[in-house]
Amino acid sequence: MMSANLEKLMTAFATALNVDIQIVQDDLAYNTIPQWDSTAHMALIAELEDIFDIMLDTDDIIDMSSVAKAKEIIQKYGVSL
Amino acid sequence: METDLILSGYQVTLRPVTQDDLEMLRTWRNAPSVSQFMVSQDIITPEQQTAWFKKVSRDPKQLHFIITYKDQSIGAANLRVLQGADLYTATVIEPGLYIFEDKYRANLLTFAPSLLLNDFCFNRLRVKILRAVVKSDNEAALNYNQKLGYQVVRKGALVEIELQQRSYDQASKSLKGLLSRPTKRKNNDVR
């Protein structure tokens, strides 16, 4: 069963990228679908920061190039998934 | 071409191309991942590369940079004067860049060198217009430039796009914010 935080993360992706939550899979990556462009990436960062009450640093914003990577990064900020 | 101009910001550094970079640049430029988006796909020989460097080194209307991120060379950038005698009297400039490293090509970081170049052109050189020409099938580049505030001024096999400061400042504000945040460094890192 999916943890509450993982569900929040998937929902954040679906909201920011304006896509169905079903396509939010680990291998979904930046710029591989038209919806995940730089504007959506900025919205995604804002959404994640808001939901998890964290402040991502620039290295992590740059590294967040896929859903899998986002999971890894979010956990560095003390969020358990 | 100025040889001591270094631009730093948004996590990247642009340093002038030197003789030592020529073979790396030639390898990058001849790679299909880069050459497919160039107007010419001809393979560049070492002799042509050397001749090119000699020419641009003496040209006050051009600046060529290597883009570095975390001390790694990841791509190349340039500025060419389209109207004006040199960079410092230019009113119209054409910026250009490519990222060679796959890891950084589909990444928000690709905006960083453009932000640096555009800031330099608008704020230091006081350029009125930035102009670029993009192949019409290069949707990634067209979208990329649109995110920076460029407007299409002529459509065709080559699409002509232009950027003015007001549009750039408005379009780039959020990107600049994200790429200007402090980075976490390990305690033993030397800055």
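Chemist: Looking at this model, I keep getting lost on the overall build of chain B. Mind explaining?
Modeler: The helix and strand tally for chain B stands at 7 helices and 8 strands. For chain B, whose C-alpha radius of gyration is 16 Å, the value lies close to the compact-globule estimate of 16 Å for 191 residues. Dimensions of chain B along its principal axes, counting C-alpha atoms only, are 45 × 40 × 35 Å. Sequence-distant contacts in chain B: of pairs separated by 6 or more residues, those separated by 24 or more amount to 54%.

Chemist: Please explain the sheet that holds strand S5 (residues 92-99) of chain B as it appears in this structure.
Modeler: Note on sheets: strands pair through backbone hydrogen bonds, and any given pair is parallel or antiparallel. Residue and element names in this part refer to chain B. Read across the open sheet, the 8 strands follow the order S1-S2-S3-S4-S5-S6-S8-S7; overall the sheet is mixed. Each edge of the open sheet carries a strand with a single partner, namely strand S1 (7-9) and strand S7 (151-154). On average, adjacent strands in this sheet sit at an angle of 30° to one another, irrespective of strand direction. Here S1 pairs with strand S2 (residues 12-16) via 3 bridges, running antiparallel. From the neighbouring strand, Leu7 faces S2, where its bridge partner is Leu14. Each of S1, S2, strand S3 (62-69), strand S4 (72-83), S5 and strand S6 (129-135) touches helix H5 (residues 111-124); the most contacted strand, S5, lies at about 165° to it.

Chemist: So what exactly am I meant to see when it comes to helix H1 (residues 4-17) of chain A here?
Modeler: Residue pairs spaced three or four apart in an α-helix point in one direction, given the helix's 3.6 residues per turn. All names here are of chain A. The terminal C-alpha atoms of H1 lie 20 Å apart, and with 14 residues this matches the ideal 20 Å at 1.5 Å per residue to within 8%. Along H1, the residues that are buried comprise Leu9, Ala12, Phe13, Ala16 and Leu17. Within H1, the buried residues cover an arc of 105° as seen down the axis, which keeps them to one side. With its phi angle positive at about 55°, Asn18 sits one or two positions after the end of H1.

Chemist: Explanation requested: the environment of Val67 of chain A in the structure shown.
Modeler: All names here are of chain A. Along the polypeptide, Val67 turns up in helix H4 (residues 67-76). With 20 C-beta atoms packed within 10 Å, Val67 lands in the buried category. Distance in space between the C-alpha atoms of Val67 and Ala29 is 6.6 Å, their sequence separation being 38 residues. The residues touching Val67, leaving out its near neighbours within four places in the chain, are Phe13, Val24, Gln25, Asp26 and Leu28.

Chemist: Hey, could you run me through unusual backbone geometry in this one?
Modeler: Both trends apply: most residues other than glycine have a negative phi, and most peptide bonds are in trans. Unlike most non-glycine residues, Asn31 of chain A shows phi in positive territory, near 65°. Looking at the secondary structure, you find Asn31 of chain A in the loop between H1 and helix H2 (38-52). What makes Asn31 of chain A partly exposed here is the crowd of 19 C-beta atoms within 10 Å. Of note in the backbone geometry, Arg126 of chain B takes a positive phi value of approximately 60° without being a glycine. Mapped onto the secondary structure, Arg126 of chain B falls in the loop between H5 and S6. Residue Arg126 of chain B is classed as exposed on the basis of its C-beta count, with 12 C-beta atoms lying within 10 Å.

Chemist: Honestly, the packing of helix H1 (residues 22-30) of chain B against helix H3 (residues 46-57) of chain B in this entry has me stumped. Any pointers?
Modeler: The packing of two helices is summarised by the inter-axis angle and the distance between the axes. Residues and elements named next belong to chain B. One can describe the packing of H1 onto H3 by two numbers: an axis separation of 10 Å at closest approach and a directional angle of 115°. The handedness of the crossing between H1 and H3 comes out as right-handed. Counted together, Leu22, Leu25 and Arg26 of H1 and Pro46, Gln49, Thr50 and Phe53 of H3 form the full contact between these two elements. For the contact of H1 with H3, the per-class residue count stands at 4 nonpolar, 2 polar and 1 charged.

Chemist: Please explain the nonpolar core as it appears in this structure.
Modeler: Among soluble globular proteins, nonpolar side chains are generally buried collectively. Grouped together as the largest cluster of nonpolar side chains are 64 residues, with contacts concentrated most on Leu44 of chain A together with Phe65, Ile67, Ala76, Ala112, Leu116 and Cys121 of chain B. With 8 residues, H5 of chain B is the single largest residue contributor to this core. Not counting the four nearest positions on each side in its chain, Ala112 of chain B is found in contact with Tyr10, Gln11, Val12 and Leu179 of chain B.

Chemist: What exactly am I supposed to notice about the interface of chain A and chain B here?
Modeler: A common way to report how large an interface is uses the accessible area buried once the components associate. Contacts between chain A and chain B engage 15 residues on the former and 16 residues on the latter. When contributions to the side of chain A that touches chain B are tallied by element, the ones reaching two or more residues are H2 and helix H3 (58-63) of chain A. With 5 residues, the top contributor of residues to the side of chain A that touches chain B is H2 of chain A. Its residues assigned to classes, the side of chain A that touches chain B comprises 6 nonpolar, 6 polar and 3 charged.

Chemist: Please clarify how the pairing of S5 of chain B should be interpreted in this entry.
Modeler: The side chains of a regular strand alternate, first on one face of the sheet and then on the other. All names here are of chain B. With 8 bridges joining them, S4 and S5 adopt antiparallel strand pairing. In the sheet register, Leu79 faces S5, and the bridge partner there is Pro95. Across 2 bridges, the pairing between S5 and S6 is parallel. In the sheet register, Val92 faces S6, and the bridge partner there is Ile129.

Reading the values: the criteria
Residues numbered from 1 in each chain as written. Chains lettered and ligands numbered in written order. Predicted model: local features only at pLDDT ≥ 70, side-chain atom pairs only at ≥ 80, totals over all residues. Helix = DSSP H or I, 4+ residues; strand = E, 2+ residues; numbered from the N terminus. Rg over C-alpha atoms; globule rule 2.2 N^0.38 Å. Contact = placed C-beta atoms within 7 Å. Pairing = 2+ DSSP bridges. Axes fitted to C-alpha atoms, helices over the stretch in contact; angles between N-to-C directions. Expected span 1.5 Å × (residues − 1). Buried ≥ 20, exposed ≤ 12 C-beta atoms within 10 Å, placed from the backbone. Arc of directions from axis to C-beta. Left-handed = near helix turned anticlockwise from the far one by under 90°. Nonpolar A, V, L, I, M, F, W, Y, C, P; charged D, E, K, R; others polar. Core = buried A, V, L, I, M, F, W, Y, C linked by C-beta atoms within 7 Å.

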